[in-house]
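Results of the structural survey
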Number of protein chains: 2
Amino acid sequence: MARRSGSHSNITGPRIREAAAVLFARDGYAAVSMRQIASAVDVQVGTLYLYTPDKQTLLFDLMRSHMEELLDAWFSLPKMKLPLDQLENFCRFHIAHHLERMDGTFISYMELRNLEPQNHAVVADLRGRYEDELEAILKSGVTSGQFTVPDTRLATMALIAMLTGINTWFRSDGRLSCERVTETYWSMVRQLVGA
Amino acid sequence: MARRSGSHSNITGPRIREAAAVLFARDGYAAVSMRQIASAVDVQVGTLYLYTPDKQTLLFDLMRSHMEELLDAWFSLPKMKLPLDQLENFCRFHIAHHLERMDGTFISYMELRNLEPQNHAVVADLRGRYEDELEAILKSGVTSGQFTVPDTRLATMALIAMLTGINTWFRSDGRLSCERVTETYWSMVRQLVGA
DNA sequence: GTCTATAGAAAGATAGAC
DNA sequence: GTCTATCTTTCTATAGAC
């Protein structure tokens, strides 16, 4: 099985990141060894250190790029005019984006405490920006009278927890399709904001 | 600092469990060593093994007792007649109970994957029973026409994720008191179920 | 660019003294 | 009931051969 020597610099890096993501999501950062990652990529341990200075940086890169990809994807969507349309947009986007990236999402919610302070600050800041996007929608809906929300910050946290929670139980071979789940959650979100 | 010999069998066990809970919640099960736990309790490593056969069992005991305590506390509450009152009861109970047990709650949501299959099944079953309690309330509310909920199972998962999510950001010295948060969330829950 | 080999630290768990 | 000492395994990370 073991491949012996050869040049793969252009693909080994991404494969290491992908394998690390899968393993971190399944077993947790602290429980996964560099040997396991190397084994999954079918290289020796030492090879990993050509692509990352250490294990912590590997985790940080995964989490930062997950959050940056999330923000980029959101900002690339066309902006709606009405707060209700914006909220629907956000809701559908959030569910689809996260269900398509289950490993990255799981890591981003579970491994915050394993980031060193400096790295934690970067990821927390990115997450804050995403939360601010939802809160801005809620605020505009409250201002325009379309939403009835007692506290936009709490509603933001409630909605994100509720929507991201789908990832903890959703199975693509389960009772409900992604589309069906999305419709159901959107109708609950609409009721929650009093629209 | 180090205490040398002495009889404390009646208190050392609970102190080990408490110290383990704090450390597991803060750093994660896999990242905490038995030496760290021993150090926090101010005993030597070997002593821990008089109170637990191994590290896995220590985690399992914490998680199982957390879930059993949750169920016991819920079943000891007086039952309400109307679904809306039952839901309010559940909502207030859930928030208060979990905010008073932040470490245990954190562990129960983060460390499921670190339980060995047999232990995982026990904890998952207990959690399922708790979810069933909420779903029964939602079903009765839908049947009686007081609630408008498209799917009681999804609403159950949505509500529990939303309510438990409070634990991830709540700080007792923050902007909002526990009471204020509870009122705000209850009003959002009421809207979510269309009551 | 990847390998083999290993240094050095730390982990879980146990044996036997007191 | 607790400690000291240690066995055995595993870990992250590095050095140098190919």
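Everything here concerns the structure above.
Residue and element names in this part refer to chain B. At a minimum axis distance of 9 Å, the contact between helix α4 (residues 55–75) and helix α7 (residues 117–143) shows a crossing angle of 20°. With respect to α7, the axis of α4 lies roughly parallel. The handedness of the crossing between α4 and α7 is left-handed. Contact with α4, carried on its side by Gln56, Phe60, Met63, Arg64, Met67, Glu68, Leu70, Leu71, Trp74 and Phe75, involves Asn119, Val122, Val123, Leu126, Arg127, Arg129, Tyr130, Glu133 and Ile137 of α7 and no other residues of that element. In the contact of α4 with α7, the residues fall into 12 nonpolar, 2 polar and 5 charged.

Okay, unusual backbone geometry next. Although it is not a glycine, A:Asp42 adopts a positive phi angle of roughly 65°. Among the secondary structure elements, A:Asp42 is positioned in the loop between α2 (34–41) and α3 (45–48).

In this section: the relation of the copies chain B and chain A. Once chain B has been moved 0.0 Å along the axis and rotated by 180°, it coincides with chain A to within an RMSD of 0.0 Å. These values place the two chain copies in the arrangement generated by a two-fold rotation axis. Scanning chain B for the C-alpha nearest the rotation axis identifies B:Leu192, at a separation of 2.0 Å.

This part takes up the packing of aromatic side chains. Taken as a whole and assessed by the stated rule, the structure comprises 12 aromatic pairs over all chains. Residues B:Phe24 and B:Tyr29 carry aromatic rings whose centres are separated by 5.3 Å and whose planes lie at 70° to one another, so their mutual orientation is edge-to-face. Exposure remark for B:Phe24: the relative accessible area of 0% places this residue in the buried category. Ring-pair connections join several aromatic residues into one group, and the members of that group are A:Trp74, A:Phe90, A:Phe93 and A:Tyr130. One Lys or Arg, A:Lys55, reaches over the ring of A:Tyr29 and ends 4.5 Å from the middle of that ring. Here B:Arg127 stacks its cationic end above the ring of B:Tyr109, 4.3 Å away from the centre of that ring.

Conventions we followed
Residues numbered from 1 in each chain as written. Chains lettered and ligands numbered in written order. Predicted model: local features only at pLDDT ≥ 70, side-chain atom pairs only at ≥ 80, totals over all residues. Heavy atoms only, no water. Axes fitted to C-alpha atoms, helices over the stretch in contact; angles between N-to-C directions. Helix = DSSP H or I, 4+ residues; strand = E, 2+ residues; numbered from the N terminus. Parallel < 35°, antiparallel > 145°, perpendicular 65-115°, else oblique. Left-handed = near helix turned anticlockwise from the far one by under 90°. Contact = heavy atoms within 4.5 Å. Nonpolar A, V, L, I, M, F, W, Y, C, P; charged D, E, K, R; others polar. Least-squares fit on C-alpha atoms with pLDDT ≥ 70 in both. Phe/Tyr/Trp six-rings, centres within 6.5 Å; stacked < 30°, edge-to-face > 60°. Buried < 20%, exposed > 50% of the residue type's maximum accessible area, 1.4 Å probe, protein only. Lys NZ or Arg CZ within 6 Å of the ring centre and 35° of its normal.

That's the geometry; what it means functionally is another story.
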